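# Summary of structural features
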Amino acid sequence: MSDTRNIRNLALVGFMGVGKTTIGHLLAAQLDFRFVDTDQLIEAQAGHTIAEIFAKSGEATFRELERQVVQALKTYSNTVIATGGGLPCLGDNLAELKTHALTVCLWASPESVYERVRHQAHRPLLHTPDPLGKIRELLALREPYYRQADILVSTDTRSPRDLVSLLAYEFRSVVQKS
Ligand code: S3P
C-alpha cells in the first residue's frame, strides 16, 4: 500500500442495493468501529431526504453535497463508511477516500440488484419505467470506477457473514503491514 496513504477507515463502495449498509453495520461491529453512511450525513446536514434534494435542487446539487462529505471524512478514524452508489465515480472522490480508507467494492449482477431494490422507493435514479435497464446502463458506466477499489468482492456468491469475516481479516492485514 502506498506510503501516501494512512489507512484508518474502511470505505464500502458499489452500486445501489448491493448491501453496503447491511455489511457496513456488521463490519463496524466486528472491527469495533463506528459506522457512517454518506447519504445519512448529507440528509442530516441538508435537513432533507436524498429524494427531496434530487427533486428540489437536482442531481448536480446532490453530487456537490457528496463531494463536501468526502472532504469532511478525511478527519475520521476507526470508521466504516458506506458510500452512495455514484460517489466513487465522480471527480476525486475515490482518490480522496483512498488517502485514509481501505476501499472495498461490493459487486452484484444487475439482476440481483434489481431483485433487492424493486420494492424500495427511495432511490430517485431508479424512478423510471425500466429500472432493470437503468441498472444495467449505470452499472456498465460505473464498473471502471468500482474496479479501482482496493478490493472487489461479489455479494452474489458469499453470505454477509462470510463477507464480514473476509473483509475484517483483509483490513487487519493491511493495517498491520502499513
Ligand atoms: C445513488 C445511490 C444512492 C444515493 C442516491 C444516488 C447513485 O445511495 O446516494 O440515490 O447514484 O447510485 P445507495 O447506493 O446507498 O442506494
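Now for a quick tour of the structure. Only a predicted model underlies this, so the values are computations on that prediction, with no experimental measurement involved.

About the thresholds
- Residues numbered from 1 in each chain as written.
- Predicted model: local features only at pLDDT ≥ 70, side-chain atom pairs only at ≥ 80, totals over all residues.
- Heavy atoms only, no water.
- 1 Å grid on protein atoms, 1.4 Å probe; cavity = no way out; pocket = protein on both sides within 12 Å on 5 of 7 lines; lining within 4 Å.
- Points joined across faces, edges and corners; volume = space filled by probe spheres on them.
- Helix = DSSP H or I, 4+ residues; strand = E, 2+ residues; numbered from the N terminus.
- Near = heavy atom within 4 Å.
- Polar contact = N/O pair within 3.5 Å; in protein donor to acceptor, adjacent residues only side chain to side chain.
- Areas by Shrake-Rupley, 256 points an atom, 1.4 Å probe, with all protein chains shown as cover.
- Expected span 1.5 Å × (residues − 1).
- Buried < 20%, exposed > 50% of the residue type's maximum accessible area, 1.4 Å probe, protein only.
- Contact = heavy atoms within 4.5 Å.
- Phe/Tyr/Trp six-rings, centres within 6.5 Å; stacked < 30°, edge-to-face > 60°.
- Lys, Arg positive; Asp, Glu negative; His and termini not counted.
- Salt bridge = Lys/Arg side-chain N within 4 Å of Asp/Glu carboxyl O.
- Core = buried A, V, L, I, M, F, W, Y, C linked by side-chain atoms within 4.5 Å.
- Disulfide = S-S within 2.5 Å.
- Axes fitted to C-alpha atoms, helices over the stretch in contact; angles between N-to-C directions.
- Parallel < 35°, antiparallel > 145°, perpendicular 65-115°, else oblique.
- Left-handed = near helix turned anticlockwise from the far one by under 90°.
- Nonpolar A, V, L, I, M, F, W, Y, C, P; charged D, E, K, R; others polar.

### Focus: the layout of surface pockets
In this model, the largest pocket occupies a volume close to 570 Å³. What lines the largest pocket is a set of 29 residues, and nearest its centre among them are Met-16, Asp-39, Gly-84, His-122 and Arg-123. Of all the secondary-structure elements, those providing two or more residues to the lining of the largest pocket are α1 (20–31), α2 (38–46), α3 (50–57) and α4 (59–73).

### Observations concerning the site of the ligand
By nearness alone, 13 residues border the ligand, and Lys-20, Asp-39, Arg-63, Arg-123 and Arg-142 come closest of all. In this structure, Arg-63 approaches the ligand through a side-chain N or O atom, which is 2.7 Å from an oxygen atom. Residue Gly-86 places a main-chain N or O atom 3.3 Å away from an oxygen atom belonging to the ligand. In isolation the ligand exposes 380 Å². Once the protein is present, 95% of that is buried.

### Observations regarding the environment of Thr-49
Note that Thr-49 resides in the loop between α2 and α3. C-alpha separation for the pair Thr-49 and His-122, spaced 73 residues apart in sequence, amounts to 8.9 Å.

### Comments concerning helix α8 (residues 160–177)
Helical geometry note: an α-helix holds 3.6 residues per turn, so side chains three or four residues apart project in the same direction. Given a rise of 1.5 Å per residue, 18 residues ought to cover 26 Å, and the 26 Å separating the end C-alpha atoms of α8 matches this to within 8%. Among all positions of α8, only Leu-163, Val-164, Leu-167, Ala-168, Phe-171, Ser-173 and Val-174 are buried. Those residues of α8 hidden inside the fold are in contact with β1 (9–13), α1, β4 (101–107) and β5 (151–154).

### Concerning the packing of aromatic side chains
Aromatic ring pairs: the centre-centre distance and the angle between the two ring planes describe each pair. According to the stated counting rule, one finds 2 aromatic pairs in the structure shown. With 5.0 Å between their ring centres and 40 degrees between their planes, Phe-54 and Phe-62 make a pair best called tilted. Neither residue differs from the other here; Phe-54 and Phe-62 are each classed as buried.

### A short note on the side chain of Asp-37
Residue placement: Asp-37 occurs in strand β2 (residues 34–37). For Asp-37, which is buried and forms no salt bridge, the nearest opposite charge comes from Lys-20, at a distance of 7.5 Å. In terms of polar contacts, Asp-37 uses its side chain to reach the side chain of Thr-21, at 3.3 Å. Ignoring anything within four residues of it in the chain, the contact list for Asp-37 reads Thr-21 and Ala-82.

### Looking at the nonpolar core
For soluble globular proteins, nonpolar side chains are generally found buried alongside one another. Core analysis: the largest hydrophobic core is formed by 54 residues, its most contacted members being Phe-15, Val-80, Val-104 and Leu-167. It is α8 that provides the largest number of residues to this core, a total of 6 residues. When neighbours within four sequence positions are excluded, Leu-167 is seen to be in contact with Leu-10, Leu-12, Ile-23, Leu-27, Val-104, Leu-106, Ile-151 and Val-153.

### Brief notes about the state of the cysteines
Scanning all chains against the criterion turns up 0 disulfides. Free cysteine: Cys-89, not disulfide-bonded; nearest cysteine sulfur from Cys-105 at 8.9 Å. Since its relative accessible area comes to 13%, Cys-89 is described here as buried. Judged by relative accessible area, which is 0%, Cys-105 ranks as buried.

### Regarding the packing of helix α6 (residues 110–117) against helix α7 (residues 131–146)
At a closest axis distance of 9 Å, the pairing of α6 and α7 adopts a crossing angle of 130 degrees. Judged on the interaxial angle alone, α7 and α6 are oblique. Here α6 runs over α7; the crossing is right-handed. Here Pro-110, Glu-111, Val-113, Tyr-114 and Val-117 of α6 lie close against α7, whose contacting residues are Pro-131, Leu-132, Ile-135, Arg-136 and Leu-139. Its residues placed into classes, the contact of α6 with α7 shows 8 nonpolar, no polar and 2 charged.

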